[in-house]
Amino acid sequence: MIKVPTWVRETFENYLVCEFTTVKSGKPVTMPLLPFYLPDSGKFVVTSSILFSKKAENVKKNPKVSLLFSNPEGSKAGKHAVLVQGIAHADDTDLDHGWEKYLSFWRKKEPYIDAYLAEREKFGWFWKRVVLQVEPKKIIAWKNGDTSRPPEEFGA
Amino acid sequence: MTGLDYQRLGNFRYAVITLIGDDGFPFSVSTDFKILPDKKIVLQKPALPTKLDGKRVNVLFNHITGLPGGGYGERRYMLVWGTTHEEHGTLRFEPKSLSEWDEKILPFDQYCAKSAPQGAKYLGTLQASVEA
């Protein structure tokens, strides 16, 4: 587990979205996603509906991914930029329920998620979800978000 | 390139540049940008990566609006692939192709419906691997 300072951990816990990148045929593919930080292990989880599952397909072919936390909108955290590079594992063994163990994390970031869950039948395939778990290998952080300055590195 | 709406692009607050590093990992960095009157996209050069001249990258422009009760709305993004060129201490971004979504233009339920073929493809691949 890579040790990081408090401001980095608060960024992981509070930012609502990250910019998640997979690699397809040597090219980056970056999408905004809702990330969950697991403080006990230092790992990250994103979940992906099968409707938007190209990222999971990419991970199966190339597990190298990154998550950038750069947007504090909607959070009470300060403005920073933190890049996590890691190895992802796609788990699609239980599309209907495998992701539900992360609902408490999801609910904290999107309190209205239960209203969507109540209409689960209406959005059936949206709730068939692949779990992508990311083990960080390196964390690169720009305090105050000024990327014109050299960053701090952790776990290199 | 055609299909890039520079007016909507100009409404985003910042950009995220991503390229694949020599170690094979994606490297993303946020930076400011501006669009010149001749539609040139100019990115502020970040400290890292140090070499961005002639690099194939994607640039993500993303927006959300935080909601008072928590969560977010007004989701929209433009993901543009292209090449960066170092010029006068900045980066000129030459766009080549685009992927985008704006929930005001394509509501989420319609976006899901449009994406059904990808869902079917994924399920089909899983089924094939189970049967193999």
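Residues numbered from 1 in each chain as written. Chains lettered and ligands numbered in written order. Predicted model: local features only at pLDDT ≥ 70, side-chain atom pairs only at ≥ 80, totals over all residues.

## A look at the overall build of chain B
Scanning chain B from terminus to terminus reveals 3 helices and 7 strands. Mapped in sequence order, the helices and strands of chain B form the string α-β-β-β-β-β-β-β-α-α. A compact globule built from 132 residues should have a C-alpha radius of gyration of about 14 Å, whereas chain B, at 18 Å, is more than 25% larger. Overall, the C-alpha framework of chain B stretches about 55 × 40 × 35 Å when taken along its three principal axes. Counting only residues that meet the buried cut, chain B has 27% of its 132 residues in that class. Across chain B, every contact between residues at least 6 apart in sequence was considered, and the portion connecting residues at least 24 apart equals 47%. (Helix = DSSP H or I, 4+ residues; strand = E, 2+ residues; numbered from the N terminus. Rg over C-alpha atoms; globule rule 2.2 N^0.38 Å. Buried ≥ 20, exposed ≤ 12 C-beta atoms within 10 Å, placed from the backbone. Contact = placed C-beta atoms within 7 Å.)

## Overview of the sheet that holds strand 5 (residues 55-66) of chain B
Residue and element names in this part refer to chain B. Pairing in this open sheet of 7 strands is antiparallel, and the strands run 2-1-5-6-7-4-3 from one edge to the other. Looking at which strands have only one partner, the edges of the open sheet turn out to be strand 2 (26-31) and strand 3 (33-35). Neighbour-to-neighbour, the strand axes of the sheet open up by a mean angle of 35°, direction not taken into account. Of the pairings in the sheet, the one linking strand 4 (residues 41-44) to strand 7 (residues 90-102) comprises 4 bridges and is antiparallel in character. Residue pairing across strands places V42 opposite R92, the latter belonging to strand 7. (Pairing = 2+ DSSP bridges. Axes fitted to C-alpha atoms, helices over the stretch in contact; angles between N-to-C directions.)

## Brief notes about the interface of chain A and chain B
Contact with chain A, which involves 41 residues of that partner, is made by 39 residues of chain B. Of all the elements in the fold, those that place two or more residues in the side of chain A that touches chain B are strand 1 (18-24), strand 2 (27-33), strand 5 (64-69) and strand 6 (81-91) of chain A. Top element by residues in the side of chain A that touches chain B is strand 2 of chain A. It accounts for 5 residues. Here the side of chain A that touches chain B is composed, by residue class, of 20 nonpolar, 12 polar and 9 charged. (Nonpolar A, V, L, I, M, F, W, Y, C, P; charged D, E, K, R; others polar.)

## A look at helix 3 (residues 116-131) of chain B
For helix 3 of chain B, with 16 residues, the first-to-last C-alpha span of 22 Å sits near the 22 Å given by 1.5 Å per residue. Across the 16 residues that make up helix 3 of chain B, only a small minority, 1, are buried. (Expected span 1.5 Å × (residues − 1).)

## Things to note about the nonpolar core
If you look at the biggest cluster of nonpolar residues, it comprises 67 residues, and the most contacted ones within it are A:F44, A:L67, A:V82, A:L132, B:I17 and B:V59. Excluding residues within four positions of it along the chain, B:I17 makes contact with B:S28, B:V29, B:T31, B:L43, B:V57 and B:V59. (Core = buried A, V, L, I, M, F, W, Y, C linked by C-beta atoms within 7 Å.)

## Side note on the environment of B:T90
All names here are of chain B. Locating T90 in the fold gives a position in strand 7. According to the C-beta neighbour criterion, T90 is partly exposed, with 17 such atoms within 10 Å. Once the C-alpha coordinates of T90 and F33 are considered, the two residues, 57 residues apart in sequence, prove to be 9.6 Å apart. Apart from residues no more than four positions distant in its own chain, T90 is found in contact with V42, L43, Q44 and K45.

## Details of unusual backbone geometry
Note on backbone geometry: most residues besides glycine have negative phi, and most peptide bonds are trans. All names here are of chain B. Across the junction of L48 and P49, the peptide omega takes the value -5°, indicating a cis bond. The topology assignment puts P49 in the loop between strand 4 and strand 5. Here the phi dihedral of E74 falls at roughly 50°; this positive angle occurs in a residue that is not glycine. Here E74 is to be found in strand 6 (residues 72-87). E74 gets classed as partly exposed once you count the C-beta atoms within 10 Å, which come to 13. Unusually for a residue other than glycine, H88 sits at a positive phi of about 55°.

## As for the environment of B:E74
Taking the C-alpha atoms as reference points, B:E74 and B:H63, separated by 11 residues in sequence, lie 7.3 Å from one another. Not counting residues within four places of it along the chain, the set of residues in contact with B:E74 comprises B:H63, B:I64 and B:T65.

## Regarding the environment of B:E94
Residues and elements named next belong to chain B. Mapped onto the elements, E94 comes out in strand 7. For E94, a count of 14 C-beta atoms within 10 Å corresponds to the partly exposed category. Spatially, the C-alpha atoms of E94 and A132 are 45 Å apart, while their sequence positions differ by 38 residues. What E94 contacts, discounting residues up to four positions off in sequence, is G82, T83 and H85.

## Examining helix 1 (residues 6-14) of chain A
Turning to helix 1 of chain A, its buried residues are A:V8, A:T11 and A:F12. In a view along the axis of helix 1 of chain A, the buried residues occupy a sector of 95°, so they form one face of it. (Arc of directions from axis to C-beta.)

## Structural notes on the confidence of the model for chain B
For chain B, the average pLDDT comes to 95, and 99% of its residues sit at 70 or higher. The ipTM value of the predicted complex is 0.96, and its pTM value is 0.97. (pLDDT = per-residue confidence, 0-100.)

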